[in-house]
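Coordinate analysis (summary)
So you can see what is in the structure, the chains are spelled out below.
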Amino acid sequence: MAKYFIIYILAFGVFGIINTEMGVIGIMPQISQQFGISASQTGLLVSLFALAVAIAGPVMPLLFSGMNRKRVMLLVIGLFVISNVVSVYAPNFTVLLIARIVPAFLHPVFFSVAFVAAANMVSKEKVTQATSKVFMGVTAGMVIGTPISSFIADTISLEASLWFFAVVNAITFTAISLFVPSMPVQEKLTYGAQLSVLRKPLVWISIATVISINSAMYAMYSFFAEYLNDVTHMSGKQISLMLILFGVTGVAGNLLAGKSLHQKAIPTALVYPLVFGVIYTLVFVFGHYSTPMIILIAVWGVLFTLGLNISQYWITSAAPEAPDFANGLFVAFANLGITVGTFIGGAFITGMGTQYTAIAGLIFLAVSLVLIIVRASFYSPKQQVKIKESSVVNS
């Protein structure tokens, strides 16, 4: 029981970090007004944060892989607390931007350490279930944190909303300090040993799959509110409720991921793009109707977090010998997928209209299906055994 309590603390820490990254989306209009800047300039708070994460993803977890994991988590969360407090009192937009970019470079470190720590607390049979619980923090941060920050800014002030980010991370810092035991690294892998996983074609196929899956998800999710406003014609309050619905069903997606990836990982991955493709098609067809969209959004939330779990499993299972580095790769290339999907989704909106972001998502899902089939065909567990047997005979 104590182990799962610690896992939930890690999930709350992930929530705090994702909330800092994505929660600002809900307060962009207030930030633009506060500093007298354009919406595109305010967007740098999100895009440059994601870029910093993508750059740091493969490198920073590698550098911190030999340190006591509790100390690393406290270092990262402490930096997020400080940066959030600085954001509250930022005298200009430049200071606010710097206060967000600096901790972003350590964002992948906390993710990597949290996933590895959660996996090390349970038996091998329960690893996927443990990591899916940590992913609950991702869901809450991306979906629930945004409307909460927006609500606080609307009802109290922008500063209060920024304080919300700081308080959440401060609670995490306190909880880790009090309840998480020391986690020294038992066997420190050399940098060379960890980097050697990049020689495996399986890793690169997995990386390409993660980019395509996340591009498929964010080609539409990045414009979730805009789609419901322009196509479904929902009000601001209705859109906030839809975000909450999306987040609640996303928790169910985490629970489903823990069971399905543990029992039937390959079949789950193969079916995923097909089912998600059906949902995107229905969203495209019935996007003008509120009632069907409510039902579709509920299923969409489940599939969204399931996709995150599949992405993380896809890379870490390809490089189990270097878990810290593998999780860093996941964070980096998942963020690259966010960037690519958002860019392409935006291009479809500019060229064809908001409704056609669904087409962009379908294209990326088709690519991910091909990549999943390639890995399932050439790198299935049975195939791996054959390869190993062959190498033994040849030697």
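What you see is a predicted model; the values in this text were computed from it and never measured. (Residues numbered from 1 in each chain as written. Predicted model: local features only at pLDDT ≥ 70, side-chain atom pairs only at ≥ 80, totals over all residues. Heavy atoms only, no water.)

Quick notes on the confidence of the model for the protein
This is how the line gets drawn: Confidence of the predictor at the level of single residues is captured by pLDDT, which takes values from 0 to 100. Numbering goes from the N terminus for both helices and strands, where a helix is a DSSP run of H or I of at least four residues and a strand is a run of E of at least two. Note on contacts: a residue pair qualifies if any of its non-hydrogen atoms lie within 4.5 Å across the two residues.
Counting all residues, the mean pLDDT for the protein is 85, and 95% of those residues have values of 70 or more. Within the protein, the lowest mean pLDDT, 40, falls on helix 18 (residues 381–394), and the highest, 95, falls on helix 6 (residues 69–88). Confidence drops under pLDDT 50 across residues 382–395; counting only partners more than four residues distant or on other chains, this segment forms five contacts.

Description of the nonpolar core
The condition that has to hold: As used here, the term nonpolar core means buried Ala, Val, Leu, Ile, Met, Phe, Trp, Tyr and Cys residues forming a set that is joined through side-chain atoms within 4.5 Å. Think of it in three bands: residues with accessible area under 20% of the maximum for their type are buried, residues over 50% are exposed, and the middle band is partly exposed, with areas taken using a 1.4 Å probe on protein chains only.
Residues Phe110, Met142, Phe224, Phe276 and Trp300 are the most contacted members of the largest nonpolar core, which totals 102 residues. Those residues in contact with Trp300 that sit more than four places away from it in its chain are Met220, Tyr221, Phe224, Phe246, Phe276, Ile279 and Tyr280. Ile37, Leu45, Val46 and Phe165 belong to the second-largest nonpolar core, a separate cluster that totals 21 residues.

Focus on empty space enclosed by the protein
Just so we agree on the cut-off: Cavity and pocket criteria rest on a 1 Å grid covering protein atoms alone: a 1.4 Å probe that fits but cannot get out defines a cavity, protein on both sides within 12 Å along at least 5 of 7 lines defines an open pocket, and an atom within 4 Å of a point defines a lining residue. Grid points are joined across faces, edges and corners, and a volume is the space filled by probe spheres set on the points. Amino acids outside the nonpolar list (Ala, Val, Leu, Ile, Met, Phe, Trp, Tyr, Cys, Pro) and the charged list (Asp, Glu, Lys, Arg) are all regarded as polar, and Gly is one of them.
In total, this model carries two cavities of 30 Å³ or more according to the counting rule given. One number sums up the size of the largest cavity: a volume of about 150 Å³. Around the largest cavity, the lining comprises 16 residues; the ones closest to its centre are Ile18, Phe111, Ala334, Asn335 and Ile338. Of all elements in the fold, only helix 1 (2–22), helix 8 (107–120), helix 9 (127–155), helix 12 (201–221) and helix 16 (323–351) reach the threshold of two or more residues within the lining of the largest cavity. No other element matches helix 16, which puts five residues into the lining of the largest cavity. For the lining of the largest cavity, a count of residues per class yields twelve nonpolar, three polar and one charged. Its boundaries defined by the atoms lining it, the second largest cavity holds a volume of some 50 Å³. Lining the second largest cavity are Thr20, Val24, Ile31, Leu45, Asn84, Ser87, Leu96, Arg100, Leu162 and Phe165.

Things to note about unusual backbone geometry
Look at His233: it is not a glycine, yet its phi comes out positive at around 60°. Secondary-structure assignment places His233 in the loop between helix 13 (224–230) and helix 14 (236–286).

What about the packing of aromatic side chains?
Here is the rule: Centres within 6.5 Å are what make two rings of Phe, Tyr or Trp a pair, Trp counting through its six-membered ring; a difference in plane orientation under 30 degrees is then read as stacked, over 60 as edge-to-face, and the rest as tilted. Think of it as a cone above the ring: NZ of Lys or CZ of Arg counts as a charge over the ring if it is within 6 Å of the ring centre and within 35 degrees of the ring normal.
Per the stated rule, a full pass over the model turns up 21 aromatic pairs. Between Phe224 and Phe246, the ring centres sit 5.3 Å apart and the planes meet at 70°, which makes this aromatic pair edge-to-face. Here Phe246 lies in helix 14 and Phe224 lies in helix 13, a separation of 22 residues in the sequence. Of the residues examined, Phe246 reaches a relative accessible area of 1% and is grouped as buried. Ring centres of Phe246 and Trp300 lie 5.7 Å apart, and the angle between their planes is 80°; on these two criteria the pair is classed as edge-to-face. Residue Phe246 is located in helix 14, and its partner Trp300 is located in helix 15 (residues 290–316); the two are separated by 54 residues in the primary sequence. The side chain of Arg375 reaches across the aromatic face of Trp314, ending 4.1 Å from its centre.

Here we look at the environment of Ala130
With respect to the element layout, Ala130 can be found in helix 9. Note: C-alpha distance between Ala130 and Ala358 (228 residues apart in sequence) is 32 Å. Once you skip the residues sitting within four places of it in the chain, Ala130 turns out to touch Ile7, Ala118 and Val122.

Quick look at a nonpolar patch on the surface
Note the following rule: Patches were defined on residues exceeding 30% relative accessible area and lacking a salt bridge, with like-charge contacts within 9 Å and nonpolar side-chain contacts (Val, Leu, Ile, Met, Phe, Trp, Tyr) within 5 Å. All accessible areas in this document rest on Shrake-Rupley with a 1.4 Å probe, and a residue is counted as covered only by the protein chains that are shown. Any Lys or Arg side-chain nitrogen located within 4 Å of an Asp or Glu carboxyl oxygen qualifies as a salt bridge.
Taken together, the side chains of Phe12, Tyr89, Trp163, Val167 and Ile171 make up a nonpolar region of the molecular surface, amounting to roughly 490 Å² of accessible area. Looking at the nonpolar patch element by element, the count peaks at three residues for helix 10 (residues 158–179). Within the element layout of this structure, Phe12 appears in helix 1.

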